[in-house]
Amino acid sequence: MYICYTKDMKLIVGLGNPGDDYNFTRHNFGFLALDFYAKIEGVQWEKPKRHAIWLKFADKVFLKPQTYYNESGLAVQEALRFYKLSPKDILVVCDDFDLEFKQIRYRAHGSSGGNNGLKSIIQYLGTDEFARLRLGTNNPELRNKMGDVKFVLSRFSATEKSDLPDILKSVADRIRDF
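It should be emphasised that the depicted structure is a prediction, and the values quoted were computed from it without experimental measurement.

1. Description of the side chain of Ser112
Summarising the element assignment, Ser112 is placed in the loop between β5 (104-107) and α3 (116-125). The residues touching Ser112, leaving out its near neighbours within four places in the chain, are Leu118, Lys119, Ile122 and Arg134.

2. What to know about the confidence of the model for the chain
Where the model shows low pLDDT, its predicted coordinates should not be examined in detail. Per-residue confidence for the chain averages 93 on the pLDDT scale, and 96% of its residues sit at or above 70. Considering each helix and strand of the chain separately, the mean pLDDT is smallest for strand β2 (residues 52-57), with a value of 89, and largest for α3, with 98. Considering only residues more than four positions removed or in separate chains, one finds that residues 1-5, a stretch of pLDDT under 50, has 15 contacts.

3. What to know about the nonpolar core
Among the nonpolar cores identified, the biggest contains 25 residues, and Phe29, Val93, Leu135, Val171 and Ile175 are the most heavily contacted of them. Elements that contribute at least two residues to this core include exactly α1 (29-41), β4 (90-100), β6 (131-138) and α6 (158-177). If you tally residues by element for this core, the top one is α1, at seven residues. Not counting residues up to four positions away in its chain, the partners in contact with Ile175 are Ile12, Leu34, Tyr37, Lys60, Phe62, Leu91 and Val93.

4. Here's the deal with the pattern of salt bridges
For side chains of opposite charge, pairing can occur when their charged atoms come near one another. Enumeration over the complete set of coordinates arrives at ten salt bridges. Among the ionic pairs, Glu160 bridges to Arg26, the shortest N-O distance being 2.8 Å. You can see Glu160 sitting in helix α6 and its partner Arg26 sitting in the loop between β1 (10-14) and α1, a full 134 residues away along the chain. On the accessibility criterion, Glu160 (5% relative accessible area) is buried. Asp148 serves as the salt-bridge partner of Arg143, at 2.8 Å between the closest nitrogen and oxygen. Accessibility expressed as a relative area gives 16% for Arg143, which makes it buried. On the basis of relative accessibility, which here comes to 36%, the residue Asp148 falls in the partly exposed class.

5. Description of the environment of Leu34
Along the chain, Leu34 falls in helix α1. The class of Leu34 is buried, set by a relative accessible area of 1%. For the pair Leu34 and Gly113, spaced 79 residues apart in the sequence, the C-alpha separation amounts to 22 Å.

6. Structural notes on α6
Along an α-helix, residues three or four positions apart point the same way, because every turn accommodates 3.6 residues. Its 20 residues place the ends of α6 30 Å apart at the C-alpha level, agreeing with the 28 Å of an ideal helix rising 1.5 Å per residue. Along α6, the helix axis deviates most sharply at Leu164, where the bend reaches about 40°; the proline Pro165 sits within four residues downstream. Buried within α6 we find Glu160, Leu164, Ile167, Leu168, Val171, Ala172 and Ile175. For α6, the elements touching its buried residues are β1, α1, β3 (60-65), β4, β5 and β6.

7. Here we look at unusual backbone geometry
With phi around 55°, Ala58 is a residue other than glycine that occupies positive phi space. Assessed through its relative accessible area of 74%, Ala58 is described here as exposed. Residues other than glycine seldom take positive phi values, yet Lys84 does so here, at roughly 55°. Judged by relative accessible area, which is 42%, Lys84 ranks as partly exposed.

About the thresholds
- Residues numbered from 1 in each chain as written.
- Predicted model: local features only at pLDDT ≥ 70, side-chain atom pairs only at ≥ 80, totals over all residues.
- Heavy atoms only, no water.
- Helix = DSSP H or I, 4+ residues; strand = E, 2+ residues; numbered from the N terminus.
- Contact = heavy atoms within 4.5 Å.
- pLDDT = per-residue confidence, 0-100.
- Core = buried A, V, L, I, M, F, W, Y, C linked by side-chain atoms within 4.5 Å.
- Buried < 20%, exposed > 50% of the residue type's maximum accessible area, 1.4 Å probe, protein only.
- Salt bridge = Lys/Arg side-chain N within 4 Å of Asp/Glu carboxyl O.
- Expected span 1.5 Å × (residues − 1).
- Bend = angle between axes of the 7 residues up to and from the residue.

And the structure:
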């Protein structure tokens, strides 16, 4: 059973991989979105604690798991327990290579859709009853040329990078509304 830490507190989780090698890769779109939000709000990330990097701002706690993408559920589970939140208080921001680049899809709950980070969270929490914001990264030409694993770990193209500020502004608005 979960008891709320504060009545309206929310946990916003960005998925990605730790380390400079993964900066600006498609798989770190969740980290990038949370970093953008922190920058426009003028707040700083705290030093890593246990399995995550934290940021507390207003009625939200932001989390960047440092357990690598496929084990994100461990850090999310720890945060839920610490803050005594329910899975319904979570918004997970992640990449999705099945959605076209620039496309953003919100779901209040549902399956992992093949996303290993979401699979991990579902496994650790024992439920899929949490919100997710999927950020499209698909570039069919590159994906076919590279294969899925290399594609998700590749950096955004120059053209895609020029579109990132508008996408990230839209994501920030959705995070505020959550």
